[in-house]
Amino acid sequence: MEISVIVAGATGRMGQEVVRMIEQNDHLHLVGAVSRSNVGKDIGDIVGLGKLGILCTASVIQTLETVQADVLIDFTTPEHVKVHAEQAILAGVRPVIGTSGLSEKDIESLSHLARLYKIGVIFAPNFAIGAVLMMQFAAKAALYMPHVEIIESHHDQKLDAPSGTAVKTAEMIARNRSEIKQGHPDEQELIDGARGAMMSGFRIHSVRLPGMVAHQEVIFGDQGQTLTIRHDSIHRESFMPGVKLAVEKVMELDYFVYGLENVLDF
Ligand SMILES: NC(=O)C1=CN([C@@H]2O[C@H](COP(=O)(O)OP(=O)(O)OC[C@H]3O[C@@H](n4cnc5c(N)ncnc54)[C@H](OP(=O)(O)O)[C@@H]3O)[C@@H](O)[C@H]2O)C=CC1
Ligand SMILES: O=C(O)C1=N[C@H](C(=O)O)C[C@H](O)C1
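Calculation criteria
Every chain's residues receive numbers from 1 upward, in the order its sequence appears when written. Both sets of labels track the order of writing: A upward for chains, 1 upward for ligands. Owing to the predicted nature of the model, reporting of local features is limited to residues with pLDDT of at least 70; listing and counting of side-chain atom pairs is limited to 80 or more, with chain, interface and lining totals taken over all residues. For the purposes of this entry, the term helix denotes a DSSP run of H or I that reaches at least four residues, the term strand denotes a run of E that reaches at least two, and both are numbered from the N terminus. Throughout, radius of gyration means the C-alpha value; the globule benchmark is 2.2 Å times the number of residues raised to the power 0.38. For every residue, the other C-beta atoms within 10 Å of its own C-beta are counted; 20 or more classify it as buried, 12 or fewer as exposed, and values in between as partly exposed. C-beta atoms are placed from the backbone. UniProt positions are given in the numbering used here, feature names are shortened, and annotations may be inferred rather than shown by experiment. In this entry, near means the residue's backbone-placed C-beta atom lies within 6 Å of the molecule or strand. Classification used: nonpolar for Ala, Val, Leu, Ile, Met, Phe, Trp, Tyr, Cys and Pro, charged for Asp, Glu, Lys and Arg, polar for all others including Gly.

Colleague: If you had to explain the overall build of the protein chain to someone new, which residues and values would you point to?
Modeller: Looking only at helices and strands, the protein chain has eight helices and 12 strands in total. Taken against the 2.2 N^0.38 rule, which gives 18 Å for 266 residues, the C-alpha radius of gyration of the protein chain at 19 Å falls within 12% of a compact globule. Expressed along its principal axes, the backbone C-alpha trace of the protein chain runs to roughly 60 × 40 × 30 Å. Across the 266 residues that make up the protein chain, the buried fraction comes to 39%.

So, in structure tokens, the structure goes:
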């Protein structure tokens, strides 16, 4: 099936990788590129592919109004992603959302809008197949080992903490984990934040350092043993097979899907 795509955040770290992926796939057609700081420049020049004839435009709404597209891929910022998705649904364009930072309330409201307009939406906090497996293995382990902490590590330009992946992992673990109090009952933080953020009764720690891409460890502890489930994205191309799959799958949907695992045959 031929699919025409607008990329929001096309000049960013992920957006550039997405533009290259689209250009490598004959059935995917880039029809719009949105980036506020490169307006009027050819996106092909920016991503190193030569002229593609697609000039960057300033706003998602303006692009949705002027270009016919099947799918909007969004890799922008937590601040703007919800509005972009709403605008796309109202314009009859299916959002594939990679941007992190959508709250539970945002997801609920976008789900409602998607059902109302019968538009497919896929929001995947992590498009890397290995990361999706890591989350699933962690959810399974939580059935047997409820003492758990998450350590996520990312490059130091990341805006949000904890990562969307860590939040999704915690939600999946929480569904399977018996509610227990972890750690010593009299535990005290001598420096604020020393024990990380608390979510669903266990801790998430966020590391931000240059040299990193996207990494996560889920550590389970039990009597005399630990289990560590770890995933590393060492290059952003790790996310591209998942993005491509989501663009294809969203064409078949008329509702909101949260998590790539829900469109994979596991
Ligand atoms: N789901 C997944 O698998 C993955 C998700 N992510 C998430 O994707 C998001 C982007 O990450 P990354 O590529 O590293 O970030 P970057 O900062 O490199 O890129 C963000 C891009 O968005 C553009 N942008 C920002 N605001 C707007 C706006 N209002 N309208 C249009 N364009 C806008 C920026 O351009 P300009 O400043 O010119 O507007 C830039 O091109 C993050 O939330 C990150 O967590 C990242 C990796 C994988
Ligand atoms: O900002 C990033 O880089 C990433 N963000 C996503 C997240 O918040 O989980 C996915 C991946 O971890 C890379």
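Colleague: Outline the UniProt feature "active site" (unreviewed entry) in the protein chain, listing residues and values.
Modeller: As annotated by UniProt and renumbered to match this structure, "active site" (unreviewed entry) occupies His 154 and Lys 158. The residue His 154 is located in strand β7 (residues 147–154) in this model. Judged by the 22 C-beta atoms lying within 10 Å of it, His 154 is buried. In this structure, Lys 158 sits in the loop between β7 and α7 (164–176). Look at Lys 158 and you get partly exposed, because 16 C-beta atoms sit within 10 Å.

Colleague: Break down the site of ligand 2 for me, with residues and values.
Modeller: Inspection of the region around ligand 2 gives Ser 100, Pro 125, Asn 126, His 154, Lys 158, Ser 163, Gly 164, Thr 165 and Ala 214 as its neighbouring residues. Of the residues belonging to the shell around ligand 2, the class tally is two nonpolar, six polar and one charged.

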